[in-house]
Amino acid sequence: MAPRRKKIYEGKAKILYEGTEPGTLIQYFKDDATAFNAQKKATIEGKGVLNNRLSEYFMQGLTNIGVPNHFIRRINMREQLIRQVEIIPLEVIVRNFAAGSIAKRLGMEEGTPLPRPIVEYSFKNDELGDPFVSEEYIIAFGWASQQDLDDIVSLALRVNDFLSGVFFGVGIKLIDFKIEIGRIWDGDFMRLIVADEISPDSCRLWDVKTGQKLDKDVFRRDLGSLTDAYTEVARRLGLMPANTTSLTKPTLIN
């Protein structure tokens, strides 16, 4: 990393630095893995390199189908240049199958197909454990307007259609995922765009045939090597050589 760069924000998996151009930031992907609101922590060598490349792949794919997002370009193995946005303090969760908290709340078996994609929201606050909130809360507290929420749902479902198709094409079932949405201004006109990242850190991914988990649940539930799981996702998407078996020394395909 370049010296004397101004740090804007550091989260559990990424650091944001002042960008090289006005209205931009540099997003740096760390190797840190956390679960259960950071109660479980580890450093997974190579994880940041892969998530940087995977997020680039998905954001570019969204750009190609007209879904606006913050990605500008990848700078190096761990960094990408992004648009600076005002993040709406919500995690937007799209669920296609029951897993995780919804399975516990509703007493459903994990993997049960949902009647249709369900969009949920949680309030971004680590100290509170990112609690689920309703649209009524969001509007009442001024985090987003009803028009914003309509636009957010539309964006989230478009992302879901895109990701579901991409993953299914390589034998992976998209169980659920979360995204963040940011506001940007063109003069007086405000629009909403997809921000943060899209990677196995933010998606639940199961092998279509075996049900093998290929996401951060491997780390959460001690199911094996997280590096092997993420490597398998990248390999299937054609981002790593077919014979790659470990992320310890990632060889990514440009």
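Source: prediction; values computed, not measured.

Rules used in this analysis
Residues numbered from 1 in each chain as written. Predicted model: local features only at pLDDT ≥ 70, side-chain atom pairs only at ≥ 80, totals over all residues. Heavy atoms only, no water. Phe/Tyr/Trp six-rings, centres within 6.5 Å; stacked < 30°, edge-to-face > 60°. Helix = DSSP H or I, 4+ residues; strand = E, 2+ residues; numbered from the N terminus. Buried < 20%, exposed > 50% of the residue type's maximum accessible area, 1.4 Å probe, protein only. Domains from an automatic or database assignment. Contact = heavy atoms within 4.5 Å. Buried area = accessible area lost by both parts, 1.4 Å probe. Salt bridge = Lys/Arg side-chain N within 4 Å of Asp/Glu carboxyl O. Axes fitted to C-alpha atoms, helices over the stretch in contact; angles between N-to-C directions. Parallel < 35°, antiparallel > 145°, perpendicular 65-115°, else oblique. Left-handed = near helix turned anticlockwise from the far one by under 90°. Nonpolar A, V, L, I, M, F, W, Y, C, P; charged D, E, K, R; others polar. UniProt positions renumbered as here; feature names shortened; annotations may be inferred.

**Describing the packing of aromatic side chains**
Next, step 1: For the coordinates displayed, the defined rule picks out 5 aromatic pairs.
Next, step 2: With 5.3 Å between their ring centres and 50° between their planes, Phe58 and Phe167 make a pair best called tilted. Residue Phe58 is located in helix H1 (residues 47-64), and its partner Phe167 is located in helix H4 (residues 146-168); the two are separated by 109 residues in the primary sequence.
Next, step 3: When its relative accessible area of 1% is taken as the criterion, Phe167 is described as buried.
Next, step 4: Pairing Tyr137 with Phe141 gives two aromatic rings, centres 6.3 Å apart and planes at 80°, and the pair type is edge-to-face.
Next, step 5: According to the relative accessible area criterion, Tyr137 is partly exposed, its value standing at 45%.
Next, step 6: Aromatic rings pair up to connect Phe123, Tyr137, Phe141 and Trp143 into one cluster.

**Considering the domain arrangement of the protein chain**
Next, step 1: Under the domain assignment used here, the protein chain contains domain 1 (7-83) and domain 2 (86-233).
Next, step 2: Contacts between the two partners involve 32 residues from domain 1 and, on the opposite side, 29 residues from domain 2.
Next, step 3: Across the interface of domain 1 and domain 2, roughly 2600 Å² is buried in total on both sides, 66% from carbon and sulfur atoms.
Next, step 4: When the buried surface of domain 1 facing domain 2 is broken down by residue, Lys40, Phe58 and Pro68 rank first, second and third, together holding 22% of it.
Next, step 5: Across the pair Lys14 and Asp196 runs a salt bridge whose closest N-O atoms are separated by 3.0 Å.

**So, the packing of H1 against helix H6 (residues 226-236)**
A pair of packed helices can be characterised by two numbers: the angle between their axes and the separation between those axes.
Next, step 1: Interaxial distance between H1 and H6 falls to 11 Å at its minimum, and their mutual angle equals 25°. The angle between the axes of H1 and H6 places the two elements in the roughly parallel class. Judged by the sense of rotation from one axis to the other, the crossing of H1 with H6 is left-handed. In this structure, H1 contributes Lys47, Leu50, Asn51 and Leu54 to the contact, and H6 contributes Leu226, Tyr230, Thr231, Val233 and Ala234.
Next, step 2: Tallied by class, the residues present in the contact of H1 with H6 amount to 6 nonpolar, 2 polar and 1 charged.

**Considerations on the UniProt feature "domain: SAICAR synthetase/ADE2 N-terminal" (unreviewed entry) in the protein chain**
Next, step 1: The feature "domain: SAICAR synthetase/ADE2 N-terminal" (unreviewed entry), as given by UniProt, occupies residues 7-236 in the numbering adopted here.
Next, step 2: Helix makes up 30% of residues 7-236 and strand makes up 36%, while its end C-alpha atoms are separated by 35 Å.

**Observations concerning H6**
Next, step 1: The buried count for H6 comes to 8 of 11 residues, which makes it a mostly enclosed element.
Next, step 2: Among the residues of H6, those classed as buried are Leu226, Thr227, Ala229, Tyr230, Thr231, Glu232, Val233 and Ala234.
Next, step 3: As for H6, its buried residues are in contact with strand E4 (32-35), H1, H4, strand E12 (172-186), strand E14 (203-207) and helix H5 (217-220).
Next, step 4: Gly238 sits one or two residues past H6 and shows a positive phi near 80°.

**Considering the side chain of Arg78**
Next, step 1: By secondary structure assignment, the location of Arg78 is in the loop between strand E6 (71-74) and strand E7 (79-83).
Next, step 2: The contacts of Arg78, once residues within four sequence positions are left out, are Gln27, Tyr28, Phe29, Lys30, Asp31, Gly46, Gly48, Val49 and Asn52.

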